[in-house]
Each structure stands twice: as structure tokens, then as C-alpha cells.
Amino acid sequence: MKTIIIGAGMTGLSAAKVLVEKGHDVTILDKGRGVGGRMSTRTIDNAKADHGAQYFSVKSAEFQALISDLQTEHITKEWHLVQRQNVRYIGAKGMNTIPKKMASDLTIHLNEKVISIGNNEVKTESGQSYLFDNLIITIPIPQVIDLFEASQISFSEKDKSVINSIEYDPCMAVMAVLKQATEIPSGGIILENQPVAWIADNFQKGITEIPTATIHASAAFSKKHLEDNLQEVAQEMLSSVSQWINPENVVSTQVHRWRYSLASKRYEKEFYQIENQNIYLGGDGFGIGNVEGAFLSGYHLGVSI
Ligand SMILES: Cc1cc2nc3c(=O)[nH]c(=O)nc-3n(C[C@H](O)[C@H](O)[C@H](O)COP(=O)(O)OP(=O)(O)OC[C@H]3O[C@@H](n4cnc5c(N)ncnc54)[C@H](O)[C@@H]3O)c2cc1C
């Protein structure tokens, strides 16, 4: 069975691993330059900053099996946040080392943006075509809608109600290179009712030798300022956290606009098959969401197909 997976994030990688073990012929296509999607770590000169997902929890036995292996290989490590009771996990050398490890024995074509889906084949921006028996799509649902519109794929009423039940929050992210590490307790702080919802000290996390901080705006602030000038947004976010990051400690900043960060409304099942078609939708918009939800969505897709 030839399976094409669109997206080399946690969902696509998790689905691919199960399908390959079952003997399927699997190819992953991703528009990015690297794997991992929203589990990303940015390098700024010689400094590093986790840029999307910051940490994750492990509740299910299926995800625990993967994380136990990654712990043994020192790819992941525990993170004990003072504001959270249960242990959290991070990539020991950056969040993107987890998808990189998962991707190591899979067939993945990067810089391949899928622009349309035809009769058992997808076409990419580079002019390539890939044939499939089954197609798994793991990109955020608003991007799936655009792709289906470009492909003139029609939805049934049930398809529409599933797709319309999924929503994402945006997130404005600032990565700041610092002169010295912050004194944020345990290296991460959750803030409430403020422009900024989260600050991580990546030096304290142990992923960078040159100190950096990752600052994520709240969903409300991100929605309000999504189309604003990025430098001005970064300035406002930094000013609001001067208690934690002294402006004189900041060497340089980069800003990123995540249009889709966390799935705020999700479809309750772990994946969905488009009616009467060999096309499956998965991702963090399905099931429990976040990194673990993405893993479980891919895992159950792989088991079911
Ligand atoms: C700012 C931010 C903070 C977060 N914080 C946390 C956190 O602390 N804890 C947590 O558990 N989760 C967090 N998350 C959410 C977590 O990162 C996601 O739930 C998870 O990584 C989703 O994985 P995925 O594979 O479903 O999607 P993605 O990681 O988005 O993967 C989809 C992939 O599809 C590719 N793609 C898109 N369109 C196309 C196309 N047309 N053709 C080819 N490829 C395409 C993309 O390049 C991407 O690699 C955060 C996310 C963000 C953005």
C-alpha cells in the first residue's frame, strides 16, 4: 500500500512510523526546510531558542513508550516547572531534536509544498506528482480547507461539520538573545491576564549555551495584534515583561507570527476519514490536542489504515 503523508510534524511522523512497521510504502512531504513543524527550535547565530511547543506532558501508554525510548537515548529530559505539579518533558538539546530522531529512518521530501490533490495523486509546487492508495493530511485544518478548495474536492455535510468544529489560536512569539540568563524560577513562567502568557529561559532549560528567552503572547493579545507591525508587537511584549527580563539584558530579538498554535476547539475523535474517499485528516485538531494529541492522532491513524 502506497501512503502519502502531508506534514512531517509529530502527527505525520507518528503515523509514518506505525505504517512502516506494518509494511506500508510511506512517503512524507513537507513544505518546510526541516522536519518537526511546530516542534521547532530556532538558531540565532550560535544561540538556540525553542520557538513553538515549549514542553509536553505524557499521559497515555502509547506516548510513554516512545518517550521512554527517547529518555534512554537522552533525546528528551524531564522538566519540573514550579507552577505545574506533574513532570513535563522537553527535547534535551531543543524541541526539534525529537522529530529529527523520529524522522531518521523515514522517507521524507522537504521543500515540497502540496498544492493540489487529484485522482489518487498529489501535486507539489515544485512540479512533482506523487501517487497514493491512501492520503493522510496532518496540516492545520484552515490550511486543509485552502488545499481542498484549490483541488476542487467537495465536502459532504458530515465532512463540513467535522472540519468546522476545529479552531486554532494564533500566537505571537518573541525570541530574545540575552547577555545573561534570567532568574525566572525553574526557567519557565506562566502569566495570566497579561499581554504575555509564557516566558521560557532556554539557558536554564539547558538547550543553549548563549542565553535566550522565548516569550509567547496570550491568545487574546495575539488575535488583537496578528496583522500589526512585528517589531512594535515585540516591543510591547518585552515592555510588559520587564520585571522578568531587564531591557538592558536584551542583545537582539526575532519575532514570529504563528497563525495556528494550539487547537482551541477540537474534533473529539483522533482522526477523520473524508466520506467515500481514501483521504484521512489528523493532527492536534483531533483528540486531546497539543504534542501528545498529535502523536496519538498519528499513531491511531497508522493503526487503523
Ligand atoms: C507557539 C506555540 C506554542 C506551543 N506550545 C505547546 C506546548 O507548550 N505544549 C504542547 O504540547 N504543544 C504546544 N504547541 C502545540 C504543538 O506544537 C502542536 O500541537 C504539535 O506540534 C502539532 O503537530 P502536528 O504534526 O499536528 O502539526 P505541525 O507541527 O503543524 O506539522 C504540520 C506540518 O505540515 C507542513 N505543511 C503545512 N502545509 C503543507 C503543505 N501544503 N504541503 C506540505 N507540507 C505542509 C508544515 O510545514 C508542518 O511541518 C505549541 C504550538 C505553538 C505554535
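Reading guide: rules and limits
- Residues numbered from 1 in each chain as written.
- Predicted model: local features only at pLDDT ≥ 70, side-chain atom pairs only at ≥ 80, totals over all residues.
- Heavy atoms only, no water.
- Near = heavy atom within 4 Å.
- Polar contact = N/O pair within 3.5 Å; in protein donor to acceptor, adjacent residues only side chain to side chain.
- Helix = DSSP H or I, 4+ residues; strand = E, 2+ residues; numbered from the N terminus.
- Nonpolar A, V, L, I, M, F, W, Y, C, P; charged D, E, K, R; others polar.
- Domains from an automatic or database assignment.
- Phe/Tyr/Trp six-rings, centres within 6.5 Å; stacked < 30°, edge-to-face > 60°.
- Buried < 20%, exposed > 50% of the residue type's maximum accessible area, 1.4 Å probe, protein only.
- Contact = heavy atoms within 4.5 Å.
- Buried area = accessible area lost by both parts, 1.4 Å probe.
- Salt bridge = Lys/Arg side-chain N within 4 Å of Asp/Glu carboxyl O.

## Overview of the site of the ligand
For step 1, the next point in the chain: Neighbouring the ligand are 33 residues, the closest being Thr11, Asp30, Arg38, Tyr55 and Asp284.
For step 2, the next point in the chain: One of the backbone N or O atoms of Gly37 is found 3.5 Å from an oxygen atom in the ligand.
For step 3, the next point in the chain: In this structure, a nitrogen atom belonging to the ligand sits 2.9 Å away from a main-chain N or O atom of Val114.
For step 4, the next point in the chain: Only α1 (10-21) and α9 (290-304) provide two or more residues apiece to the shell around the ligand.
For step 5, the next point in the chain: Here the shell around the ligand takes three residues from α9, the largest share from any one element.
For step 6, the next point in the chain: For the shell around the ligand, the residue count by class is 14 nonpolar, 13 polar and six charged.
For step 7, the next point in the chain: Mapped onto the domain boundaries, the shell around the ligand takes at least three residues apiece from domain 1 (2-167 + 263-304) and domain 2 (170-258).

## Here we look at the packing of aromatic side chains
For step 1, the next point in the chain: Scanning all chains against the criterion turns up eleven aromatic pairs.
For step 2, the next point in the chain: Aromatic pair Phe63 and Phe295: ring centres 4.9 Å apart, planes at 35 degrees, arrangement tilted. In this pair, Phe63 is assigned in helix α2 (residues 61-72) and Phe295 in helix α9, connecting sequence segments 232 residues apart. As far as burial versus exposure is concerned, Phe63 and Phe295 are alike and both buried.
For step 3, the next point in the chain: Arranged with centres 6.0 Å apart and planes meeting at 80 degrees, the rings of Tyr267 and Phe286 form a pair that is edge-to-face. With Tyr267 in the loop between β18 (263-265) and β19 (272-273) and Phe286 in the loop between β20 (279-281) and α9, this residue pair connects regions lying 19 residues apart in the sequence.

## Focus on the domain arrangement of the protein chain
For step 1, the next point in the chain: We note that the domain assignment places domain 1 (2-167 + 263-304) and domain 2 (170-258) within the protein chain.
For step 2, the next point in the chain: Each of domain 1 and domain 2 was reduced to a C-alpha centroid, and the two centroids are 26 Å apart.
For step 3, the next point in the chain: Counting residues at the interface gives 27 residues for domain 1, matched by 23 residues for domain 2.
For step 4, the next point in the chain: Roughly 2,100 Å² of surface becomes buried between domain 1 and domain 2 when both sides are summed, with 59% attributable to carbon and sulfur atoms.
For step 5, the next point in the chain: Three residues, Ile44, His51 and Trp79, lead the burial of domain 1 against domain 2; their summed loss comes to 25% of the area buried on that side.
For step 6, the next point in the chain: For the interface between domain 1 and domain 2, the tally reads one salt bridge.
For step 7, the next point in the chain: Notably, a salt bridge pairs Lys205 with Asp50, separated by 2.9 Å at the nearest N-O pair.
For step 8, the next point in the chain: Viewed at the interface, domain 2 and domain 1 are joined by 14 residue pairs in polar contact (both at pLDDT 80 or more).
For step 9, the next point in the chain: Of all the secondary-structure elements, those providing two or more residues to the side of domain 1 that touches domain 2 are β3 (41-44), β4 (47-50), β5 (76-79) and β6 (88-91).
For step 10, the next point in the chain: For the side of domain 1 that touches domain 2, the per-class residue count stands at nine nonpolar, eleven polar and seven charged.

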